[in-house]
Amino acid sequence: MERYILLLCLLPAVLAWNQGCISKPVGFGYKTTGGAGGRTVTPRNINELKNYLTQNGKLIINLDRTYDFTNSEGFATSTGCFFQKCGGNSFQQSLAQQGTCNGRQKTTVKYYKAGLTELLVSSDKTIMSSNGRGVIKGKGIRVKNANNVIIRDITITDINPEVIWAGDAIGLDNVQNVWIHRVTTRRIGRQHLVTFQKTNKGITVSSCLFDGTSPHAAFCDNKHYWVWLFWGTHDEITLINNHVLNTAGRTPHTGGWSRSQNFVHMIYNTMDVNPHTGIEPKQGARILAEGNQFIRYAYPIDPGSKGGALAMVNDWKTAQRCKGYFGQNCVVNKYSGTKTPYRWDETVLSQFSKLDRNAINSARSAKCL
């Protein structure tokens, strides 16, 4: 059973998020080179962007404008329900999938078709923005059956934000060596980041802003619930130095089906404002959480999550236990305006120690907080 210990001493000062502390891939994705060595192209429109993303060979795709897919495929209507009615124009609807409409008021849901299918990305690609203006709007990205992809310095936004099941921002589907860096996601209907039920190894997500602020929220409080979902058959993911703002759950939801095996290293992230629940370790999850700061979180760990293994490094005693497995201490988490959760499963350290030690220790050496 979860135990929560009230902080009785002065809360530590909240540290500012240092987005620029990482300049090369660290963690599980440290071998990723993307399209380096290939030619650089700048898509002039959405069709050119789609074509470049799936071309064979190395390519650096420079986004210098907003690529708006929102109405590129028109509207569709489907049977669904009001998942939550908050009054006025604030609501969240759901398509009739996965039982989300059970017991809820049925309605006809209208949405943009473009959001339902992501832009496919093939191997050896770098997707970036040299001028900081690269935006993909109304459609997400799926790296599928691919190796060696970098996505960095872009924004993905406005994918049917009022409709669950009507679009993900970034999906990873049977991939190896992916670095997602300094990406901003905003106003997304379903997951901001998801791995699908195959193997996804060598993944690093660093210095990204996952902004859950939305008028279409599951709890009618402008905070998005569907944020990170990891449930591959073998995931190896580093989440480092990300700013996760105004969320309500799934930060992350890990595991939860019979073949899940998910190794998630959460380190130096700024988990900022969540009045509901955060980490959800389910069956097959193995999560090492160290050096993160949790700010105004009601429950950094979902009290109802069972079946997964989680090691929260919350004191020097547990930090020092890491040395026997990795040759160095772990970093203690910080809490401000919240309760300190207790969840320590040392089998996580044992299992992580069988993975690439360079990946684990290179993340820790970044020292972003």
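Residues numbered from 1 in each chain as written. Predicted model: local features only at pLDDT ≥ 70, side-chain atom pairs only at ≥ 80, totals over all residues. Heavy atoms only, no water.

For the chain, the name recorded in an unreviewed UniProt entry is pectin lyase, with Megalurothrips usitatus as its organism. Turning to the chain, the UniProt record has this under Catalytic activity (unreviewed entry): "Eliminative cleavage of (1->4)-alpha-D-galacturonan methyl ester to give oligosaccharides with 4-deoxy-6-O-methyl-alpha-D-galact-4-enuronosyl groups at their non-reducing ends." Per UniProt, the comment on the chain under Function (unreviewed entry) is "Pectinolytic enzymes consist of four classes of enzymes: pectin lyase, polygalacturonase, pectin methylesterase and rhamnogalacturonase. Among pectinolytic enzymes, pectin lyase is the most important in depolymerization of pectin, since it cleaves internal glycosidic bonds of highly methylated pectins." (UniProt positions renumbered as here; feature names shortened; annotations may be inferred.)

Before going further, it helps to examine the confidence of the model for the chain. In this model, the chain carries an average pLDDT of 94, and 96% of its residues clear a pLDDT of 70 or more. Scored below 50 in pLDDT, residues 1-11 makes 24 contacts in the model with residues more than four places away or belonging to other chains. (pLDDT = per-residue confidence, 0-100. Contact = heavy atoms within 4.5 Å.)

Take the pattern of salt bridges next. Evaluated as defined, the whole model comprises 13 salt bridges. Glu48 is paired through a salt bridge with Arg44; the nearest N and O atoms lie 2.4 Å apart. Assessed through its relative accessible area of 61%, Arg44 is described here as exposed. Asp272 is paired through a salt bridge with Arg296; the nearest N and O atoms lie 3.6 Å apart. (Salt bridge = Lys/Arg side-chain N within 4 Å of Asp/Glu carboxyl O. Buried < 20%, exposed > 50% of the residue type's maximum accessible area, 1.4 Å probe, protein only.)

Okay, unusual backbone geometry next. Residue Pro252 follows Thr251 across a cis peptide bond; omega there is -5°. Looking at the secondary structure, you find Pro252 in the loop between β21 (243-245) and β22 (253-254). The backbone of Asn222 sits at a positive phi, close to 65°, despite the residue not being glycine. For Asn222, the location among the structural elements is in the loop between β18 (209-211) and β19 (228-230). One non-glycine residue with positive phi stands out, namely Asn246, at about 55°. Overall, the relative accessible area of 16% leaves Asn246 in the buried class. (Helix = DSSP H or I, 4+ residues; strand = E, 2+ residues; numbered from the N terminus.)

Summed over the entire model, instances satisfying the criterion amount to four disulfides. A sulfur-sulfur separation of 1.9 Å characterises the disulfide bridge that pairs Cys86 with Cys220. Note on the Cys86 and Cys220 pair: the S-S dihedral is about -80°, so by sign convention the disulfide is left-handed. Placement of Cys86 in the loop between β5 (75-85) and β6 (91-95) and of Cys220 in the loop between β18 and β19 is noted, with a sequence separation of 134 residues between them. Taken in N- to C-terminal order, the disulfide-linked cysteines of the chain are connected 1-8, 2-4, 3-5, 6-7. Residue Cys208 stays outside any disulfide, its sulfur separated by 12 Å from that of Cys21, the closest cysteine. (Disulfide = S-S within 2.5 Å.)

Okay, the side chain of Glu280 next. Examined against the element boundaries, Glu280 turns out to sit in strand β24 (residues 270-281). The buried charged residue Glu280 lacks any salt bridge, with Arg250 as its nearest oppositely charged partner at 4.6 Å. Separated by 2.8 Å, the side chain of Glu280 and the backbone nitrogen of Arg250 make a polar contact. Residues in contact with Glu280, not counting those within four places in the same chain, are Tyr225, Gly249, Arg250, Pro252, His253, Thr254, Asp302 and Ser305. (Lys, Arg positive; Asp, Glu negative; His and termini not counted. Polar contact = N/O pair within 3.5 Å; in protein donor to acceptor, adjacent residues only side chain to side chain.)

Time to look at the sheet that holds strand β7 (residues 106-112). With mixed pairing, four strands are arranged side by side in an open sheet as β7-β5-β6-β13. Edge strands, defined here as strands with exactly one partner in the open sheet, are β7 and β13 (163-164). (Pairing = 2+ DSSP bridges.)

Moving on, we come to the UniProt feature "domain: Pectate lyase" (unreviewed entry) in the chain. Taking the numbering used here, the UniProt-annotated feature "domain: Pectate lyase" (unreviewed entry) corresponds to residues 86-300. Helix makes up 0% of residues 86-300 and strand 55%, and the two end C-alpha atoms of the span are 25 Å apart.

Right, let's talk about the packing of aromatic side chains for a bit. One pass over the structure, following the stated rule, counts 12 aromatic pairs. Where Phe210 meets Trp228, the ring centres are 5.4 Å apart and the plane angle is 90°; that geometry is what we call edge-to-face. Of this pair, Phe210 sits in strand β18 while Trp228 sits in strand β19, placing them 18 residues apart in sequence. Across the pair, Trp228 and Phe210 agree in class, each one buried. An aromatic cluster of three or more residues is present, and its members are Phe83, Phe219, Tyr225 and Trp226. Across from the ring centre of Phe83, 3.9 Å away, lies the NZ or CZ of Arg104, which sits over that ring. When the ring centre of Phe75 is taken as origin, the NZ or CZ atom of Lys110, which lies over that ring, is 4.4 Å away. (Phe/Tyr/Trp six-rings, centres within 6.5 Å; stacked < 30°, edge-to-face > 60°. Lys NZ or Arg CZ within 6 Å of the ring centre and 35° of its normal.)

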